[in-house]
Amino acid sequence: MITSSFSGDIINVALRQMGASSIKEIRNGILYIAKFELSDDLCVTYVFNVTKRDKYFLQRVAPYPISHGDFDGAQEVVDFIRKDIRKFENAKKSHNFPKFLDTANEMVLLSHAVELLFLERNVSAEDLDSLRQCLEAGIDKVREIRERAPKVEK
């Protein structure tokens, strides 16, 4: 437990230096919640766990939830969050940013709706195939747009 707490403290200090508006430690250094207030209407919030083997599991929970997975070291977590915050600081300058956030949140709602569909209903093979085709078309559309959209400068 001492190692996990120490590693969490390293991340805690680094995130504060990066401008985290608050960092909450829960369960004696095993779970952390870090918030970055990037503007009056944009707060980026991360939750990360420090495991017994000093591995890390990181999720962004706001402005929309997404799992970023496992990391091997404290510095990897800090580096990821630093890059992610820079991307949000840049993206928030776009006049399309509110539409992006709406779209991202719709994707979260879609994920929950699909989960409930499969957990609560006996869905036919035909409906599964139809749904999969729609999702694949959506992924193809994202790829198409990504290819033609200019890259954001950092």
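To be clear, the structure that these remarks concern was listed above.
Residues numbered from 1 in each chain as written. Predicted model: local features only at pLDDT ≥ 70, side-chain atom pairs only at ≥ 80, totals over all residues. Heavy atoms only, no water.

### Let's talk about the packing of helix 3 (residues 97–120) against helix 4 (residues 125–148)
Quick note on the threshold: Note on geometry: axes are lines fitted to C-alpha atoms, helical ones only across the stretch in contact, with angles between N-to-C directions running from 0 to 180 degrees. Numbering of helices and strands starts at the N terminus; helices are DSSP runs of H or I of at least 4 residues and strands are runs of E of at least 2. Angles are sorted into four bins: roughly parallel if under 35 degrees, roughly antiparallel if over 145, roughly perpendicular if 65 to 115, and oblique for all others. Crossings are sorted by hand: turned counterclockwise from the far helix by less than a right angle, the near helix makes the crossing left-handed, and turned clockwise it makes it right-handed. Should any heavy atoms of two residues lie within 4.5 Å, those residues are counted as being in contact. For this classification, Asp, Glu, Lys and Arg are treated as charged, while Ala, Val, Leu, Ile, Met, Phe, Trp, Tyr, Cys and Pro are nonpolar and the rest, including Gly, are polar.
Running from amino to carboxyl end, helix 3 crosses helix 4 at an angle of 165°, the nearest separation of the two axes being 13 Å. Viewed along their axes, helix 3 and helix 4 adopt a mutual orientation that is roughly antiparallel. For the pair helix 3 and helix 4, the crossing hand works out as left-handed. Residue-level contacts link Leu-110, Val-114, Leu-117 and Phe-118 of helix 3 to Leu-128, Leu-131 and Leu-135 of helix 4. Tallied by class, the residues present in the contact of helix 3 with helix 4 amount to seven nonpolar, no polar and no charged.

### Some points on the pattern of salt bridges
Filter applied, for reference: By salt bridge we mean one thing: a side-chain nitrogen of Lys or Arg within 4 Å of a carboxyl oxygen of Asp or Glu. Relative accessibility thresholds used throughout: buried, under 20% of the residue-type maximum; exposed, over 50%; partly exposed, between the two (1.4 Å probe, protein chains only).
Per the counting criterion, the structure on display carries seven salt bridges. Here Lys-55 makes a salt bridge to Asp-72, at a shortest N to O gap of 3.0 Å. Of this pair, Lys-55 sits in the loop between strand 3 (42–50) and strand 4 (56–62) while Asp-72 sits in the loop between strand 5 (66–71) and helix 2 (74–91); the two residues are 17 residues apart in sequence, bridging distant segments of the chain. Judged by relative accessible area, which is 36%, Lys-55 ranks as partly exposed. One salt bridge connects Lys-141 with Glu-144, and the closest N-O pair in it is separated by 3.4 Å. Placement of both Lys-141 and Glu-144 in helix 4 is noted, with a separation of three residues, approximately one turn of the helix. The class for Lys-141 is partly exposed, based on a relative accessible area of 42%. Taking the relative accessible area as the measure of exposure, Glu-144 reaches 40% and is therefore partly exposed.

### Observations concerning a positive patch on the surface
Formally: Surface patches are defined over residues having more than 30% relative accessible area and no salt bridge, joining like charges when they lie within 9 Å and nonpolar side chains (Val, Leu, Ile, Met, Phe, Trp, Tyr) when within 5 Å. Note on areas: Shrake-Rupley with a 1.4 Å probe; residue coverage comes only from the protein chains shown. All tallies of charge rest on Lys and Arg as positive and Asp and Glu as negative; His and the ends of each chain are not included. To locate a charge, take NZ of a lysine, CZ of an arginine, CG of an aspartate or CD of a glutamate.
A surface patch of positive charge is lined by Lys-83, Arg-86, Lys-87, Arg-146 and Lys-151. Among the elements that take part in the positive patch, helix 2 stands out by supplying three residues, more than any other. Structurally, Lys-83 can be placed in helix 2. Residue Lys-83 is classed as exposed on the basis of its relative accessible area of 51%.

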